[in-house]
Structures are given as C-alpha cells and as structure tokens.
Amino acid sequence: MIEILQNNWSNLLSGFGITIMISIISLCASLILGTVFAIMEVVPNKIAQVVAHTYIELFRNIPLLVITMIFYLIVPQYLFKISGFTAGCIGLSLYTSAFIAECIRAGISSVGEGQMEGARSNGMTYMQAMRFVILPQAFKVAIPSLGNQFINLIKNSSVLAFVAGFDLMYQGDVIAFSSFQTVNTYLVVGCFYLVLTLPLSYYMRYLEKKIA
C-alpha cells in the first residue's frame, strides 16, 4: 500500500479532488431538486403532485449507471456534447434528488397540519409558510435520512470511473491495471473514501443529537 501511495500520489490526489468536487456539486444540486420535488408532492395541486411523483419514481427505479450512461452516450449523440464529468454530475444529481425528495416529504408530513393553518391565518402565503415554518421543522426530522443519502452520494460518485470522469475510482482502475497490484490499489482507494465518509457520518450523528 505504501508503494502504491508513493508511486501514484499525484494521480490519487487528483482523483480525490475530482471526487470531492463532484460530491459537492451533486450534493447541492440534488438537495435543491429534492426540496423542490418534495414540496411539489405535498402542494394542493394535482398536476404538480403527478409531475413530482413521476420524477421520483422514475429516477428511484432506474440504476444510477444507466442514468449516467444516457447522458454520457445518448445525449451527446443526439443533442449536445458533454464531458464524462458533466454526465456524472447530472446522473448523480438526478438519481440522489429522487431519494432526498422522499426524505424531505416524509419530514414535511411529520409536521402537524396546524402549523400550516396557523401560518396561513397569520397572513402568510402557502409558500411563505412552507419556507419559514414547515421546511425548517421538516429538515430537522429528515437529518438522519439525509445524512445517509449524502454518504451514499459520495460512494456513488465512483460511477465517474465508467465515463472517464477521472475521479478517485477511475485513477484506482488505471493504477491497478498498470501495476497489477489490484488488492493494494483498491485498499488505498477505500481509505481515501473513508477520509470523506467517516467525518461526514460522525458529523451527521453529532448534528442529530444536538438538534434532538
């Protein structure tokens, strides 16, 4: 393992940086999309509910790799050119947002109906009540499940290895095939992923206890 690190430090560090970058971009995008579709699921509008439900069921039930390959192979062929990194970002964001939407929707459902009624009776519009009263409480309830989704997102970022995204897993594949030290290489790659996921896991637990 030490030899792998010494001989390929720059490539591993570059892949680690790409993994962090796609994780941050996809996390922000999926959180925004997930929140929007969670609200659409609960608004008193049938069309919005159908659109949101269709989106969530569609992306929850298609494998992440298939979604990413659609943007990597089909979209450039018939619509416009995009890089493997962009295809990975889009695929990961769409896939994760569907799960985040369900987490937030469950959080919204846990807030009593009286909260919305009280906010509306005080002159707030529906969206103002949702933004200032319902969502802050919903996010508190959803923190444990959101934390799991964020950790899954980081691990799922390895899908970039299939679309030449030059992430950590891609660099690991290149090193493993060139050095023939497959076990040691993937052990090193696993350690790099732990550097990302373990602190996030402990922080989400701390945040959950603090809010509780």
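Structure first, text after, so check above.
Presented here is a report on the structure given in the accompanying data block. Worth saying up front: this structure is predicted, and the values here are computed from it rather than measured. Position numbers for residues count from 1 along each chain, tracking the sequence in the order it is written. Local features in this predicted model are restricted to residues whose pLDDT is 70 or higher, and side-chain atom pairs enter the listing and the counts only when it is 80 or higher, whereas totals over whole chains, interfaces and linings include all residues. With hydrogens and water excluded, all non-hydrogen atoms of the structure serve as input to the side-chain values.

1. Looking at the pattern of salt bridges
Heads up, the condition is: Salt bridge criterion: a side-chain nitrogen from Lys or Arg within 4 Å of a carboxyl oxygen from Asp or Glu. Helix and strand labels come from DSSP, where a helix needs a run of H or I of at least four residues and a strand needs a run of E of at least two; each type is numbered from the N terminus. Relative accessibility thresholds used throughout: buried, under 20% of the residue-type maximum; exposed, over 50%; partly exposed, between the two (1.4 Å probe, protein chains only).
In this structure the tally under the stated criterion is 4 salt bridges. Between Glu57 and Arg60 there is a salt bridge, with its nearest N and O atoms 3.9 Å apart. Placement of the pair is Glu57 and Arg60 together in helix H2 (residues 46-60), with a separation of 3 residues, close to one helical turn. For Glu57, a relative accessible area of 31% gives the class partly exposed. The partly exposed category is assigned to Arg60, whose relative accessible area is 32%. Linking Glu102 and Arg60 is a salt bridge whose minimum nitrogen-to-oxygen distance equals 3.6 Å. With Glu102 in helix H4 (residues 84-110) and Arg60 in helix H2, this residue pair connects regions lying 42 residues apart in the sequence. Among the residues examined, Glu102 registers a relative accessible area of 19% and is labelled buried. Via salt bridges that share partners, Glu41, Glu57, Arg60, Glu102 and Arg105 belong to a single interconnected network.

2. What about H4?
Put simply, the rule reads: A helix is expected to span 1.5 Å for every residue after the first. Note that bend, as reported per residue, equals the angle between axes fitted to the 7 residues terminating at that residue and the 7 residues originating from it.
Across its 27 residues, H4 extends 39 Å between first and last C-alpha, which sits within 8% of the 39 Å expected from 1.5 Å per residue. Bending of H4 peaks at approximately 25° at the position of Ser97. Counting buried positions along H4 yields 19 of 27 residues, so the element is predominantly enclosed.

3. Considering the nonpolar core
To keep things clear, this is the line we draw: Working definition of a nonpolar core: buried Ala, Val, Leu, Ile, Met, Phe, Trp, Tyr and Cys residues. They are joined through side-chain atoms within 4.5 Å. By definition, residues are in contact when any of their heavy atoms lie within 4.5 Å.
Ranked by size, the top nonpolar core spans 55 residues in total, and within it Leu12, Ile104, Ile108, Met130, Ile134, Leu146 and Leu168 carry the most contacts. Elements with a minimum of two residues in this core: helix H1 (2-42), H2, helix H3 (64-78), H4, helix H5 (113-121), helix H6 (126-156), helix H7 (168-179) and helix H8 (182-211). In terms of residue count, the dominant contributor to this core is H6 (14 residues). Once you skip the residues sitting within four places of it in the chain, Ile134 turns out to touch Ile108, Val111, Gln115, Met116 and Ala129.

4. Quick look at the packing of H1 against H6
Operational definition: Fitted lines through C-alpha atoms give the axes, limited to the stretch in contact for helices. The angle between two N-to-C directions lies from 0 to 180 degrees. With respect to orientation, any angle under 35 degrees is reported as roughly parallel, any angle over 145 as roughly antiparallel, any angle of 65 to 115 as roughly perpendicular, and every other angle as oblique. Here a crossing is called left-handed whenever its near helix is offset anticlockwise from the far helix by less than a right angle, and right-handed whenever the offset is clockwise.
Relative to each other, H1 and H6 sit at 135°, their axes nearing to 10 Å. Looking at the two axes, H1 sits oblique to H6. Both H1 and H6 take part in a crossing whose hand is right-handed. Residues Ser23, Ser26, Leu27, Ser30, Leu31, Thr35, Ile39 and Val42 of H1 pack against Tyr126, Met127, Met130, Leu135, Phe139, Phe150, Leu153 and Ile154 of H6.

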